[in-house]
Amino acid sequence: MNNWIKMMALSVIAFTVVGCSKPADEGMSSAVVNTAQANNLPSTKQFPADPDLKALYTQSCYSCHAMGTGGAPRTGSAKDWQPRFEQGINTLLDHTIQGFKGMPPLGMCMDCGEEEFLALIEFMGGSAATAGE
Ligand code: HEC
């Protein structure tokens, strides 16, 4: 008799555990959606692979260059960046440091040096940056 009660209790526990296992599936499907988005990234979802550069980019260039605010050439858009790169990388670096029309001096990145600016310009230029070399 005692054993029979134990069996009943165990089967109730087993039933409860099975009943709760559903929500785990939802986590899976959102991971799949993120992978699908990665294949066609809008410029607001593109960030430098290097974590330090990503931090600088997020604090400064991103606010204008991700969406093209004020006519800024958009991150990853070869069409936007092609005519810019035709001026040569030195001019782009000068314009970043001195400012250029709607582009504020230093791109509002007080912690960036020449090396970081060059890496950020090349990152934002996407395929236009590599084509110009
Ligand atoms: C406050 C907004 C803003 C921020 C922040 C900003 N930019 Fe810009 N940037 C612009 C705009 C607007 C232009 C387009 C200027 C024009 O040609 O009218 C531009 C243009 C440029 C150009 C092209 C200049 C040329 O000669 O054609 C480069 C290079 C550039 N930005 C680099 C950067 C970098 C690197 C950062 C971050 C460190 C940055 N920008 C941050 C607004 C911004």
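A quick note: this is a predicted structure, and the numbers were derived from the prediction, not measured.

A. Molecular detail of helix H3 (residues 51-59). When we look at burial in H3, the residues that qualify are Leu53, Leu56 and Tyr57. Buried residues of H3 fall within an arc of 100° about the axis and therefore sit on the same side. Looking at H3, the residues exposed on the side facing more than 90 degrees away from the buried face are Pro51 and Gln59. The inward-facing, buried residues of H3 abut helix H4 (62-65) and helix H7 (114-125).

B. Inspection of the state of the cysteines at higher detail. Counted by the stated rule, this structure contains one disulfide. With a sulfur-sulfur separation of 2.0 Å, Cys109 is cross-linked through a disulfide to Cys112. Taking the sign of the torsion about the S-S bond as the criterion, the disulfide between Cys109 and Cys112, at about 80°, is right-handed. Each member of the pair Cys109 and Cys112 is classed as buried.

C. Layout of the coordination of the iron atom of the ligand. Taken together, the protein ligands of the iron atom of the ligand are His65 (NE2) and Met103 (SD), with distances of 2.0 Å. Its six donor atoms give the iron atom of the ligand angles of 87 to 179° at the centre, a pattern that matches the octahedral case. Of this pair, His65 sits in helix H4 while Met103 sits in the loop between helix H6 (89-98) and H7, placing them 38 residues apart in sequence. Judged by relative accessible area, Met103 falls into the partly exposed class, the value being 22%.

D. Representation of the packing of aromatic side chains. Applying the stated criterion to the full structure yields five aromatic pairs. The interplanar angle of 75° and the centroid separation of 6.0 Å between the aromatic rings of Phe47 and Tyr57 together place this pair among those described as edge-to-face. On the criterion of sequence distance, the pair formed by Phe47 in the loop between helix H2 (24-38) and H3 and Tyr57 in helix H3 is long-range, its members being 10 residues apart. Ring plane angle 85° and centroid distance 5.1 Å describe the contact between Tyr57 and Phe123, whose orientation is recorded as edge-to-face. With Tyr57 in helix H3 and Phe123 in helix H7, this residue pair connects regions lying 66 residues apart in the sequence. The pair Tyr57 / Phe123 is uniform in exposure class, with both members buried. It is Lys54 that lies over the ring of Phe47; its NZ or CZ is 5.0 Å from the centre.

Parameters at a glance
- Residues numbered from 1 in each chain as written.
- Predicted model: local features only at pLDDT ≥ 70, side-chain atom pairs only at ≥ 80, totals over all residues.
- Heavy atoms only, no water.
- Buried < 20%, exposed > 50% of the residue type's maximum accessible area, 1.4 Å probe, protein only.
- Helix = DSSP H or I, 4+ residues; strand = E, 2+ residues; numbered from the N terminus.
- Arc of directions from axis to C-beta.
- Contact = heavy atoms within 4.5 Å.
- Disulfide = S-S within 2.5 Å.
- Donors = N, O, S within 2.8 Å, 3.2 Å for Na, K, Ca; no water.
- Tetrahedral: all angles 85-135°; square planar, octahedral: opposite > 155°, others 65-115°.
- Phe/Tyr/Trp six-rings, centres within 6.5 Å; stacked < 30°, edge-to-face > 60°.
- Lys NZ or Arg CZ within 6 Å of the ring centre and 35° of its normal.

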